[in-house]
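Residue-level listing of the chains:
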Amino acid sequence: MLEVHRTHRAKIRNHSQVAGQLDRHGWSASKLWNVANYHSREVWEETGEIPDHKELKNELKAHPKYKGLHSQSSQRVLEELAEAFNSWYSSDDDRDNPPGYRKENYYDDQGRRVHEEHPRSTVTWKQNGIRHDTKNNRVRLSKGANHKEHPKAWEYILVEYETRPGVTVENLQQVRVVYDNAKDQWELHLVCKDDIETPDAPGNETAGIDLGISNFAAIAYSTEDADLYPGNRLKQDGYYFPKEIANCDDSSGERATRLHHKWSERRTHFFHSLAKHIVERCVEKGVGRINVGDLEGVREDENGESKNWGKHGNLDLHGWAFDRFTSILEYKAKAEGIEVVEVSERDTSKRCCACGKEDKSQRVERGLYVCEKCDAAFNADVNGAENIRLDIDECNSKSAPDLGGDRSTGWLAQPGVYLYDLSSGFQPQEQVVDCKP
Ligand SMILES: [Zn+2]
């Protein structure tokens, strides 16, 4: 089962009864936005950093404007503001402005400002603020404390809605009340959770993924194919951004902060593209299960201390980056009916995936794994990936994995190499990399 969210738009049948209340809540959302925006800019001036929505909440939850909405609705306003600051940072366009204040000014015919008004902002109610009456197509939306004139009778705004014919509103997660300026009226967006059946697995083949530093990902398929993703983009960024950031006059200033965000956006984009490419390859090959190494080896060196990959400025990849990639991969694979399983990575680099011989003193040289017993030389990361695919811990035996006798091993030495390019995505590298010495 896969969880998706659908949004149904609905008309408000008792608009004249509730419009005044909705107006007051929409104005409250604008006022809170402005207070939080002002606060964010003050912090920015002092520290060079914009607070995230959690910091905003801690700072503002006692503020009178926070009580203009149900607490979850106020939180949502702060999240929106933090998101707006984020997309401003990561924008490439220098002409973009930081999120502004929500105010509308009115002028007389001499151009003097007569008064200012707050626009009607969208208000979001989350589950604690909603009571849904499915039979009568009604929702009760909790008021902000400031708008509860009478303690008991007026806790809620009771909104009657009408969806398009044939739409049923079930598993309601969120209600957004949106003001339509052209029509001069409010409408409802009802966000519902839907469980959809995931498709059958594309087949019974398996794949193993080894995530690492020299190659971001190495993959071994049971179809006797292997792919390498060197992660060239990540590495180039890992050289470029720290240098640019170091060149900034103010390390916590606007330009440095923007560079940090841009770097992180590019990384996220890379992860999505890579996960998509791998899942497409798995579908082509009929893979039903992907094993991913559990990353202990990446997080800790041999003394059990966590490695600091960013120290030399060459590759800022920490355990969280791998976790983030794995969860993106899991999600995309699931949508195709492919299971992703984390398996222990222990000793996967020390064991020969062809004959099962374990050599604790095995040294990987120039990316090669050389086995003394069977005289094989494999790409070291592909060897790791194949061991992860075979899940040697699951076999739980010191004996050789059952490889079906005269299984060919040439593919382990000659993985396909995919380089990443911004315009064309992942492209196979023309020349075949021969890993034999
Ligand atoms: Zn061997």
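Because the structure is a prediction, the values reported are computed rather than measured.

S.K.: Can you help me understand the nonpolar core in this one?
M.R.: A general feature of soluble globular proteins is that nonpolar side chains tend to end up buried together. Core analysis: the biggest nonpolar cluster contains 38 residues, and Trp125, Val139, Val175 and Leu188 have the highest contact counts within it. Examining the composition of this core, we find that eight residues originate from one element, helix 1 (residues 15-47), more than from any other. Among the nonpolar cores identified, the runner-up in size contains 30 residues, and Ile219, Tyr221, Ala321 and Leu329 belong to it.

S.K.: Help me understand the coordination of the zinc ion in this model?
M.R.: As a benchmark, a tetrahedral metal site with four donors has ideal angles of 109.5 degrees, while an octahedral site with six donors has ideal angles of 90 or 180 degrees. At this site the zinc ion is bound by Cys352 (SG), Cys355 (SG), Cys371 (SG) and Cys374 (SG), with donor distances of 2.3 to 2.4 Å. Taken together, the four donor atoms coordinating the zinc ion span angles of 104 to 117 degrees at the metal, a pattern that classifies the geometry as tetrahedral.

S.K.: Looking at this structure, I do not really get the packing of aromatic side chains. What am I missing?
M.R.: Geometry of an aromatic ring pair is reported as the spacing of the ring centres plus the angle between the planes. Applying the stated criterion across every chain, the model contains 14 aromatic pairs. Residues phenylalanine 216 and phenylalanine 322 carry aromatic rings whose centres are separated by 5.4 Å and whose planes lie at 5 degrees to one another, so their mutual orientation is stacked. Pair noted here: phenylalanine 216 is in the loop between strand 10 (205-211) and strand 11 (217-221) and phenylalanine 322 is in helix 7 (residues 319-334), with a separation of 106 residues, a long-range link. Assigned by exposure class, phenylalanine 216 and phenylalanine 322 land together as buried. For the pair tyrosine 240 and phenylalanine 241, a centre-to-centre distance of 5.0 Å together with 85 degrees between the ring planes defines the contact as edge-to-face.

S.K.: Quick question: what am I supposed to make of the sheet that holds strand 10 here?
M.R.: Strand pairing in a sheet relies on backbone hydrogen bonds, with the paired strands running either antiparallel or parallel. Taken in spatial order, the seven strands of this open sheet run 14-13-10-11-12-17-18, and their pairing is mixed. Two strands bound the open sheet, and with one partner strand each, they are strand 14 (339-343) and strand 18 (425-428). When strand polarity is set aside, the average angle formed by the axes of neighbouring strands in this sheet is 25 degrees. As paired elements, strand 11 and strand 12 (residues 225-229) share five bridges and run antiparallel to each other. Its bridge partner being in strand 12, alanine 218 is matched across the sheet by leucine 228. The sheet contacts of helix 8 (residues 380-390) involve strand 10, strand 11, strand 12, strand 13 (287-293) and strand 14, and relative to strand 10 the element is tilted by about 130 degrees.

S.K.: Hey, could you run me through the sheet that holds strand 7 (residues 156-163) in this one?
M.R.: The strand order across the open sheet built from seven strands is 4-8-9-1-7-6-5, with neighbouring strands paired in antiparallel fashion. For this open sheet the edge positions go to strand 4 (123-125) and strand 5 (130-133), each flanked by a neighbour on one side alone. In this sheet, neighbouring strand axes are inclined to one another by 30 degrees on average, regardless of whether the strands run parallel or antiparallel. Sheet analysis places strand 5 next to strand 6 (residues 138-142), joined by four bridges and oriented antiparallel. Opposite histidine 132, over in strand 6, you have valine 139 as the bridge partner.

S.K.: Quick question: what am I supposed to make of the pairing of strand 8 (residues 172-180) here?
M.R.: Residues in a regular strand project their side chains so that they alternate between the two faces of the sheet. Pairing between strand 4 and strand 8: three bridges, direction antiparallel. Residue threonine 124 lies in a different strand from strand 8, and its bridge partner there is arginine 176. Summarising the sheet, strand 8 and strand 9 (residues 185-196) pair through eight bridges and their orientation is antiparallel. Its bridge partner lying in strand 9, leucine 172 is registered against cysteine 192. Two successive antiparallel strands, strand 8 and strand 9, enclose a turn made up of four residues, where aspartate 184 displays a positive phi of approximately 60 degrees.

Criteria and cut-off values
- Residues numbered from 1 in each chain as written.
- Predicted model: local features only at pLDDT ≥ 70, side-chain atom pairs only at ≥ 80, totals over all residues.
- Heavy atoms only, no water.
- Core = buried A, V, L, I, M, F, W, Y, C linked by side-chain atoms within 4.5 Å.
- Buried < 20%, exposed > 50% of the residue type's maximum accessible area, 1.4 Å probe, protein only.
- Helix = DSSP H or I, 4+ residues; strand = E, 2+ residues; numbered from the N terminus.
- Donors = N, O, S within 2.8 Å, 3.2 Å for Na, K, Ca; no water.
- Tetrahedral: all angles 85-135°; square planar, octahedral: opposite > 155°, others 65-115°.
- Phe/Tyr/Trp six-rings, centres within 6.5 Å; stacked < 30°, edge-to-face > 60°.
- Pairing = 2+ DSSP bridges.
- Axes fitted to C-alpha atoms, helices over the stretch in contact; angles between N-to-C directions.
- Contact = heavy atoms within 4.5 Å.

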